[in-house]
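Structure at a glance
So you can see what is in the structure, the chains are spelled out below.
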Amino acid sequence: MWFQKYLPTREQLKNTRALQFLSHIIVEPNLWHFNRHSVSFATLIGMFCCFLPIPFQMIPCVLLVAWVRCNLPLAVGIVWISNPITMPPMMYFCYRVGTTILGEPNRVKNVQVSLEWFADQVAVVWQPLLLGCLLTGTVLGVFGFVAVRVYWRWKVARNWSLRRLRKKLSANSP
C-alpha cells in the first residue's frame, strides 16, 4: 500500500510513552495486516476516536483496535488528524452539532485561549459537545468504513478486468 510509508512503525508506537502499558498488544502481528476487513474497521475506529473530546485519544483507539483485530497503524494515523491545531475547530463544530440536535442556543460567546476560561465553560458545554463528538465520530467513521469497502471492491474488480483484458490480448497476439 502506498500510504504505509506515512504510518508509524511498530517500534515507534511501542516506544511512545503514553502507550507503554499497551506494548504487548501493539507488537501483535495480526494488527499490522492490510486487508479489506482490517483497513475498513481501522478507518471506522480511527475516525470515531479522532472525535473523542478527551486527551490521549490513542489509548481508546489502541484498545478498540486490539478488541476488533484491525490495522493498528492506520487507526492511530487517523486519530492524529486531531492535533493541537485541528482540535479547536473540530470540537467547536461538534459543539455546534450538539446544540443543533438538542435545540439549545450557542452559549459560547467570547472565546479565550486559557485554562481558566475552558474550566468555566466545561460545565456549560459538556452535553452538546459530547453528543456532537459521538455523533460526528460515528457518522464519519461509518462513512469512512463504507468508502473503504466500496473503493476496495472497485479496485479489486478493476484489477480483475485488467487481468482478463491482458490475458485476452496476449492470447490474440501472434
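Residues numbered from 1 in each chain as written. Predicted model: local features only at pLDDT ≥ 70, side-chain atom pairs only at ≥ 80, totals over all residues. Heavy atoms only, no water.

**Notes on the overall build of the chain**
A tally of regular secondary structure across the chain gives 7 helices and 0 strands. Written out in order from the N terminus, the α and β elements of the chain read α-α-α-α-α-α-α. At 21 Å, the chain has a C-alpha radius of gyration far larger than the 16 Å of a compact globule built from 174 residues. For the C-alpha atoms alone, the extent of the chain along its principal axes is close to 80 × 40 × 25 Å. Across the chain, every contact between residues at least 6 apart in sequence was considered, and the portion connecting residues at least 24 apart equals 70%. (Helix = DSSP H or I, 4+ residues; strand = E, 2+ residues; numbered from the N terminus. Rg over C-alpha atoms; globule rule 2.2 N^0.38 Å. Contact = heavy atoms within 4.5 Å.)

**Looking at the packing of aromatic side chains**
Summed over all chains, the structure comprises 3 aromatic pairs. Taking the centre distance of 5.0 Å and the plane angle of 65° together, the rings of Phe41 and Phe145 count as edge-to-face. Residue Phe41 is found in helix H3 (residues 36–50), and its partner Phe145 is found in helix H7 (residues 115–172); the two are separated by 104 residues along the sequence. An angle of 35° between the planes, with centres 6.4 Å apart, marks the rings of Tyr92 and Tyr95 as tilted. Here Tyr92 pairs with Tyr95, and both are found in helix H6 (residues 87–102), just 3 residues apart, close to one helical turn. What makes Tyr95 buried here is its relative accessible area of 4%. Taking NZ or CZ as reference, Arg163 lies 4.6 Å from the ring centre of Trp160, over its face. (Phe/Tyr/Trp six-rings, centres within 6.5 Å; stacked < 30°, edge-to-face > 60°. Buried < 20%, exposed > 50% of the residue type's maximum accessible area, 1.4 Å probe, protein only. Lys NZ or Arg CZ within 6 Å of the ring centre and 35° of its normal.)

**Looking at the confidence of the model for the chain**
Summarising the model, the chain shows a mean pLDDT of 85, and 93% of its residues fall at 70 or more. Across the chain, H3 holds the top mean pLDDT of 94, while helix H2 (residues 23–26) sits lowest at 72. (pLDDT = per-residue confidence, 0-100.)

**So, unusual backbone geometry**
Generally, phi is negative for residues other than glycine and the peptide bonds are trans, each holding for most cases. One non-glycine residue with positive phi stands out, namely Phe56, at about 55°. Summarising the element assignment, Phe56 is placed in the loop between H3 and helix H4 (58–68).

**A word on H3**
The terminal C-alpha atoms of H3 lie 21 Å apart, and with 15 residues this matches the ideal 21 Å at 1.5 Å per residue to within 8%. All of the buried residues along H3 are Ser38, Val39, Ser40, Ala42, Thr43, Ile45, Gly46, Met47, Cys49 and Cys50. (Expected span 1.5 Å × (residues − 1).)

**Some thoughts on the nonpolar core**
If you look at the biggest cluster of nonpolar residues, it comprises 37 residues, and the most contacted ones within it are Ile26, Cys61, Val65 and Leu72. Counting residues per element, the ones that place at least two in this core are H2, H3, H4, helix H5 (72–79), H6 and H7. Not counting chain neighbours up to four residues away, the residues in contact with Val65 comprise Leu31, Ile45, Cys70, Asn71, Leu72 and Ala75. (Core = buried A, V, L, I, M, F, W, Y, C linked by side-chain atoms within 4.5 Å.)

**A word on the environment of Met90**
Its place among the elements puts Met90 in helix H6. We classify Met90 as buried; its relative accessible area is 11%. Spatially, the C-alpha atom of Met90 lies 9.5 Å from that of Cys50, the residues being 40 residues apart in sequence. Not counting chain neighbours up to four residues away, the residues in contact with Met90 comprise Cys50, Phe51, Ile81 and Ser82.

**Examining the side chain of Ser38**
Structurally, Ser38 is set in helix H3. Residue Ser38 is classed as buried on the basis of its relative accessible area of 3%. Polar side-chain contacts of Ser38 include one of 3.0 Å to the backbone oxygen of His33. Every residue in contact with Ser38, bar those within four places of it in the chain, is listed here: His33, Cys70 and Asn71. (Polar contact = N/O pair within 3.5 Å; in protein donor to acceptor, adjacent residues only side chain to side chain.)

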